[in-house]
Protein chains: 2
Amino acid sequence: MAEFPQALTRFPVTVDIVALTVRDDALNVLLITRRIEPFRGRLALPGGFVLAGEGLGEAAIRELAEETGVEQVPGHLEQLQSYGPRGRDPRGDVLTVAHLLLAPNFPVLSAGSDAEHAAWYPVGYVLDGDAELAFDHARILVDAVERARSKLEYSPLGAAFCGDEFTIAQLRAVYEAVWGTRLDPRNFHRKATGNPGFLEDTGRMTVGDAGRPAALFRLAAEARPAAGEPVRAVLNPPLMRPYS
Amino acid sequence: MAEFPQALTRFPVTVDIVALTVRDDALNVLLITRRIEPFRGRLALPGGFVLAGEGLGEAAIRELAEETGVEQVPGHLEQLQSYGPRGRDPRGDVLTVAHLLLAPNFPVLSAGSDAEHAAWYPVGYVLDGDAELAFDHARILVDAVERARSKLEYSPLGAAFCGDEFTIAQLRAVYEAVWGTRLDPRNFHRKATGNPGFLEDTGRMTVGDAGRPAALFRLAAEARPAAGEPVRAVLNPPLMRPYS
DNA sequence: GGAATTATTGTCAAGATGACGATAAGTATT
DNA sequence: AATACTTATCGTCATCTTGACAATAATTCC
């Protein structure tokens, strides 16, 4: 019976989740306030240690549910990148597998005072302001935002920020918030609705809003996550961000 | 002094490297023949355990050097994705951080009979043939090839498969091998040379080959890997593979 | 020297893009 | 109810990009 070599180094492994959403036309990230050392009192990405017999995705979902108090976390989860194990944590070597969640704006339960408090923070405020994140989480956040930006170009996952049904204007607001640019409503409308395999008209319309009612769309069937199946989540042609 | 919790689960962590190159107009992958259980005798990706105090990239480079007998492995190395820790290895939970190397066709030293033998294998043969890879390495290889394919669209890294200087035709052969399609030489030439920040004319020409001599190019300065700096490796406009 | 081979420059129609005008269909205001 | 306002949607047009393919250039091969 084959066994691992005795002298084998083993590492604690964590998952960290960069959960992004769009609130008030700005990109927001879910952060917790750390209640324990190290970095006690600092803002940090939600996450935690991977348990024995757990997969990476499972661990990410479990941690996210635990720290937000939300049972079924909505949105699209994917692996981002791994960092470490060296020089990330003053307690020693730790490998972390960062994940990216693109989610609609879901409410986070305010946990009691003894638990870690999770809340949405504008990404611009977090990165530019003086709210220094714990560990190497600022770097992870930067990588995650860049990944999200390019995901919007090449995949239909911008829709993951919206609910099940959304208007073209809502989708455009997502693109504008994530890319940090303004987009021409007419050209965006043409490209989004004209892209085969991206959107599907529900036939229904918004009611009660100001202005002309808008048609409600959902992700096209081929772009929707199927159970177990890997989504062929490719936008063709891509919706490129303006390059100046 | 903060310490890790006592009950913390620790995992062995490995790096696996999918080293790709183009040989005889076909995409090839570097594989070793395993000399130990489990999967003794099977083909597998090069890789091995991350040692204490080692970073992920360092470990990947060290393993690659050890298993190929090449001191300075050429090409572009980047992290691919992590897999695990559950259900990958009959010996128990192992997390692996897969890496992708895009390299020119470098010769692999044939190791002695007691060491693991590394060699290039055509990807098509490996995935379609009955050479079943060890562990979950077939899946990792599939992911790596897909990553390489899209890298060629959005980044100048196709040049990583060539040497320092290369002709447009050599670069095109890389694209054709990786994408598995034929490309029109004239249109490819126009797009490659017309892309700002991609190629730089060396002023020199090939000699001795059949046909008209070709101009030699190298990666443009802004696309070349600088020491320590992250390369702004983005191709604008992208060189999209034909979509049928 | 002529044939074969490969590189490179053009041409042209079709498709995609960015800027912006015009119209449609609601709500808010008077 | 009429008017103003707001937002959605459709259209136009010049420009850029793309794919298909003709033509020419500069070598080696025979």
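Bear in mind the structure is a predicted one, so any value in this text is a computation, not a measurement.

## Regarding the packing of helix H3 (residues 137-154) of chain B against helix H4 (residues 168-179) of chain B
Residues and elements named next belong to chain B.
Next up, step 1: Taken N-terminus to C-terminus, the directions of H3 and H4 make an angle of 140 degrees; their axes are 9 Å apart at the nearest point. Judged by the sense of rotation from one axis to the other, the crossing of H3 with H4 is left-handed. Of the residues in H4, those in contact with Ala 148, Arg 149, Leu 152 and Glu 153 of H3 are Val 174, Tyr 175, Val 178 and Trp 179.
Next up, step 2: Here the contact of H3 with H4 is built from residues that sort into 6 nonpolar, no polar and 2 charged.

## Notes on the protein's contact with DNA strand D
Next up, step 1: By nearness alone, 20 residues border DNA strand D, and Arg186(A), Ala215(A), Arg186(B), Arg190(B) and Lys191(B) come closest of all.
Next up, step 2: In the interface set of DNA strand D, defined as its atoms within 4 Å of the protein, sugar plus phosphate atoms amount to 52%.
Next up, step 3: At a separation of 2.9 Å, a base nitrogen of DNA strand D approaches a polar side-chain atom of Asn187(B).
Next up, step 4: In this structure, Lys191(B) approaches DNA strand D through a side-chain N or O atom, which is 2.9 Å from a phosphate oxygen.
Next up, step 5: Among the elements of the structure, helix H4 (168-179) and helix H5 (185-194) of chain A together with helix H5 (185-194) of chain B are those that each provide at least two residues to the surface near DNA strand D.
Next up, step 6: In terms of residue count, the dominant contributor to the surface near DNA strand D is H5(B) (4 residues).
Next up, step 7: Residue classes in the surface near DNA strand D are distributed as 6 nonpolar, 5 polar and 9 charged.

## A closer look at the pairing of strand E2 (residues 26-33) of chain A
Residues and elements named next belong to chain A.
Next up, step 1: Burial analysis of E2 places 7 of its 8 residues in the buried class, the great majority of the element.
Next up, step 2: Summarising the sheet, strand E1 (residues 10-23) and E2 pair through 4 bridges and their orientation is antiparallel. From the neighbouring strand, Arg 23 faces E2, where its bridge partner is Ala 26.
Next up, step 3: The turn joining E1 and E2, which pair antiparallel and follow one another in sequence, is formed by 2 residues; a positive phi near 50 degrees is taken by Asp 24.
Next up, step 4: Strand direction decides the pairing type here: E2 and strand E7 (residues 117-122), joined by 6 bridges, are antiparallel.

## Comments concerning the relation of the copies chain A and chain B
Next up, step 1: Turning chain A through 180 degrees and shifting it by 0.0 Å along the axis lays it on chain B, with an RMSD of 0.1 Å. The transformation relating the two chain copies, once decomposed into turn and shift, fits a two-fold axis.
Next up, step 2: Looking at chain A, 100% of its interface residues are interface residues in chain B too, so the copies touch through the same face.

## Focus: the interface of chain A and chain B
Next up, step 1: On the chain B side, the residues contacting the 43 residues of chain A number 43 residues.
Next up, step 2: Summing the contributions of chain A and of chain B, the shared interface buries around 3,400 Å²; its carbon and sulfur component is 64%.
Next up, step 3: For chain A, the biggest contributors to the area lost against chain B are Phe4(A), Phe11(A) and Arg91(A); these three give 18% of the whole.
Next up, step 4: Here chain A and chain B share 2 salt bridges between them.
Next up, step 5: The partner of Arg86(A) in a salt bridge is Glu58(B), and the shortest N-O contact between them spans 3.2 Å.
Next up, step 6: Our count for the chain A to chain B interface comes out at 12 residue pairs in polar contact (both at pLDDT 80 or more).

## Brief notes about the domain arrangement of chain A
All names here are of chain A.
Next up, step 1: The domains assigned to chain A are domain 1 (13-152) and domain 2 (155-223).
Next up, step 2: Measuring from the centre of the C-alpha atoms in domain 1 to the corresponding centre in domain 2 gives 27 Å.
Next up, step 3: Each partner contributes residues to the interface: domain 1 has 17 residues there, and domain 2 has 13 residues.
Next up, step 4: Area buried by domain 1 at its contact with domain 2 is led by Val 22, Arg 149 and Leu 152, which between them contribute 47% of it.

## So, the confidence of the model for chain A
Next up, step 1: Looking at chain A, the pLDDT average stands at 91 and 94% of residues meet or exceed 70.
Next up, step 2: Across chain A, the secondary-structure element scoring lowest on mean pLDDT is E7(A), at 93, and the one scoring highest is strand E6 (residues 95-102) of chain A, at 98.

## Topic: unusual backbone geometry
All names here are of chain A.
Next up, step 1: In the segment running from Glu 37 into Pro 38, the intervening peptide bond is cis, with an omega of -5 degrees.
Next up, step 2: With respect to the element layout, Pro 38 can be found in the loop between E2 and strand E3 (43-44).
Next up, step 3: Omega for the bond connecting Asn 236 with Pro 237 falls within 30 degrees of zero, at 0 degrees, which places this linkage in the cis form.
Next up, step 4: In this structure, Pro 237 sits in the segment after strand E9 (215-219).

## Here we look at the pattern of salt bridges
Next up, step 1: One pass over the structure, following the stated rule, counts 38 salt bridges over all chains.
Next up, step 2: Between Glu66(A) and Arg62(A) there is a salt bridge, with its nearest N and O atoms 3.1 Å apart. You can see Glu66(A) and its partner Arg62(A) sitting in helix H1 (residues 56-68), 4 residues apart, about one turn around the helix.
Next up, step 3: Overall, Glu66(A) belongs to the exposed group, its relative accessible area being 52%.
Next up, step 4: The closest approach of N and O atoms between Arg218(B) and Glu165(B), which form a salt bridge, is 3.8 Å. Of this pair, Arg218(B) sits in strand E9 (residues 215-219) while Glu165(B) sits in the loop between H3 and H4, and the two are 53 residues apart along the sequence.
Next up, step 5: According to the relative accessible area criterion, Glu165(B) is partly exposed, its value standing at 27%.
Next up, step 6: Each of Glu165(A), Glu200(A), Arg204(A), Arg218(A) and Arg224(A) takes part in salt bridges that share partners, so that together they form one network.

What counts, and where the lines are drawn
Residues numbered from 1 in each chain as written. Chains lettered and ligands numbered in written order. Predicted model: local features only at pLDDT ≥ 70, side-chain atom pairs only at ≥ 80, totals over all residues. Heavy atoms only, no water. Axes fitted to C-alpha atoms, helices over the stretch in contact; angles between N-to-C directions. Helix = DSSP H or I, 4+ residues; strand = E, 2+ residues; numbered from the N terminus. Left-handed = near helix turned anticlockwise from the far one by under 90°. Contact = heavy atoms within 4.5 Å. Nonpolar A, V, L, I, M, F, W, Y, C, P; charged D, E, K, R; others polar. Near = heavy atom within 4 Å. Polar contact = N/O pair within 3.5 Å; in protein donor to acceptor, adjacent residues only side chain to side chain. Buried < 20%, exposed > 50% of the residue type's maximum accessible area, 1.4 Å probe, protein only. Pairing = 2+ DSSP bridges. Least-squares fit on C-alpha atoms with pLDDT ≥ 70 in both. Buried area = accessible area lost by both parts, 1.4 Å probe. Salt bridge = Lys/Arg side-chain N within 4 Å of Asp/Glu carboxyl O. Domains from an automatic or database assignment. pLDDT = per-residue confidence, 0-100.

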